[in-house]
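# A look at the structure
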Amino acid sequence: MKFKILLFAALVFALASCQSGAPEATEGETTEAEATDGATEAEAPAAMNTLSEKEKADGWMLLFDGESTDQWKGYCKDGFPEKGWEVVDGTLMCKASGQGEAGGGGDIITKEAFGNFELKLEWKISEGGNSGIFYLAREKCGEDGQAIWKSSPEMQILDNEKHPDARLGKDGNRQAGSLYDLIPAKPQNAVPANSGWNEVTILSYDGTIVHTQNGENVVEYHLWTDDWKEMVANSKFKDYQDFIDVAKEGHIGLQDHGNDVWFRNIKIKKL
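Analysis parameters
Residues numbered from 1 in each chain as written. Predicted model: local features only at pLDDT ≥ 70, side-chain atom pairs only at ≥ 80, totals over all residues. Heavy atoms only, no water. Disulfide = S-S within 2.5 Å. Helix = DSSP H or I, 4+ residues; strand = E, 2+ residues; numbered from the N terminus. Buried < 20%, exposed > 50% of the residue type's maximum accessible area, 1.4 Å probe, protein only. Pairing = 2+ DSSP bridges. Axes fitted to C-alpha atoms, helices over the stretch in contact; angles between N-to-C directions. Phe/Tyr/Trp six-rings, centres within 6.5 Å; stacked < 30°, edge-to-face > 60°. Lys NZ or Arg CZ within 6 Å of the ring centre and 35° of its normal.

### Some words on the state of the cysteines
Enumeration according to the criterion identifies 1 disulfide in this entry. The disulfide partner of Cys 76 is Cys 141, and the S-S distance across this bridge is 2.0 Å. With the S-S dihedral at roughly -95 degrees, the linkage between Cys 76 and Cys 141 falls on the left-handed side. Remark: Cys 141 occurs in the loop between β7 (130-137) and β8 (154-158) and Cys 76 occurs in the loop between β2 (72-74) and β3 (85-88); sequence separation between them is 65 residues. On the basis of relative accessibility, which here comes to 32%, the residue Cys 76 falls in the partly exposed class.

Here is the structure:
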């Protein structure tokens, strides 16, 4: 009996020693559990078409809040198109015209122009659909006017499975994520049409351009260089001086190619 009492006392002493050896957080110090909870809270993504507190602090701005089109206008139009584009369920939607590129609302552009920037958005395309994201676009209207694609590089949006453009061009340079008709997106990782959303980023900084699609860099090139001019000289854009000498500051554009396409979470950060 005496042995059992001594053994029990030894166990109690050992437990007390372990607990007293555990470090206690001092005033103003964060415990590991609290730090984990704080990190989780800080990293929580923003709600749809909003900015997180971190994004606000980092200088991001919304180009679409899920309701208003105030930051957009029709290309070479005074205001936003009266047909062809709608706000639907928190998305900016281009509605199919049934006539390909004819008969829709036309391309839309941001009212503000941007030079060095990082653009983020999500897109979803309809089956067999085609669209695109323009950047550094000049708006030329009237007698000397021109289509937006004659001055602006384009990140392609496409149903790679059913649209014929996926098989045209060279080495897949008309597939989703590509610099349209010039540089193919590699790896080709677009989400199939009607299967979900594609998250993309376009980075523009002093002529360096990077396309990111679903978390992977798929295109990188450099404007105004000899390599750029040679590439354009061997392309369908060779006769367009505004494309050869892309503007250092221009509009972001969304293409009306006559097919249903949806955009959301459109945000930009000036660099």
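The rest of the description comes next.
### As for the pairing of strand β9 (residues 198-205)
Bridge count for strand β6 (residues 117-125) against β9 is 7 bridges, and the pairing is antiparallel. The residue of β9 that forms the bridge with Glu 118 is Leu 203. Taken together, the 6 bridges between β9 and strand β10 (residues 208-213) define a ladder with antiparallel strand orientation. Bridge pairing in β10 links Ile 202 to His 211. Where β9 hands over to β10, the hairpin turn is made up of 2 residues, of which Asp 206 adopts a positive phi near 50 degrees.

### Some points on the sheet that holds strand β12 (residues 250-254)
Taken together, 5 strands build an open sheet; the order of strands is β2-β5-β12-β7-β8 and the sheet is antiparallel. In the strand order of this sheet, the two ends are held by β2 and β8, each with one partner. Adjacent strand axes in the sheet meet at a mean angle of 25 degrees when their direction is disregarded. In terms of strand pairing, β2 meets strand β5 (residues 108-114) through 3 bridges, oriented antiparallel. Bridge pairing links Lys 73 to Ile 109 in β5.

### Regarding unusual backbone geometry
When glycine is set aside, most residues are seen to have a negative phi, and most peptide bonds are trans. Between Lys 186 and the following residue, Pro 187, the backbone shows a cis peptide bond with an omega angle of 0 degrees. In this model, Asn 49 sits at a positive phi of 60 degrees, which is unusual for a non-glycine residue. Among the secondary structure elements, Asn 49 is positioned in the loop between α2 (32-43) and α3 (53-58). For Asn 49, a relative accessible area of 4% puts it in the buried group. The phi dihedral of Asn 214 falls on the positive side, at around 50 degrees, and the residue is not glycine. As for its placement among the helices and strands, Asn 214 is situated in the loop between β10 and β11 (216-222). Look at Asn 214 and you get partly exposed, because its relative accessible area is 27%.

### Considerations on the environment of Gly 145
The topology assignment puts Gly 145 in the loop between β7 and β8. It is 8.5 Å that separates the C-alpha atoms of Gly 145 and Cys 76, two residues lying 69 residues apart in sequence.

### Let's talk about the packing of aromatic side chains
Inspection of every chain in the model, using the stated rule, returns 6 aromatic pairs. Their ring planes at 65 degrees and their centres at 6.2 Å tell us that Trp 149 and Phe 237 sit as a pair that is edge-to-face. Taken as a pair, Trp 149 in the loop between β7 and β8 and Phe 237 in the loop between α4 (226-233) and α5 (241-244) lie far apart in primary sequence, 88 residues in all. Judged by centre distance (5.7 Å) and plane angle (20 degrees), the rings of Trp 228 and Phe 243 are stacked. Of this pair, Trp 228 sits in helix α4 while Phe 243 sits in helix α5, and the two are 15 residues apart along the sequence. Here the two residues Trp 228 and Phe 243 agree in accessibility, since each one is buried. Aromatic ring contacts, followed pair by pair, group Trp 149, Tyr 221, Trp 228, Phe 237, Tyr 240 and Phe 243 into a single cluster. One Lys or Arg, Lys 120, reaches over the ring of Trp 60 and ends 4.4 Å from the middle of that ring.

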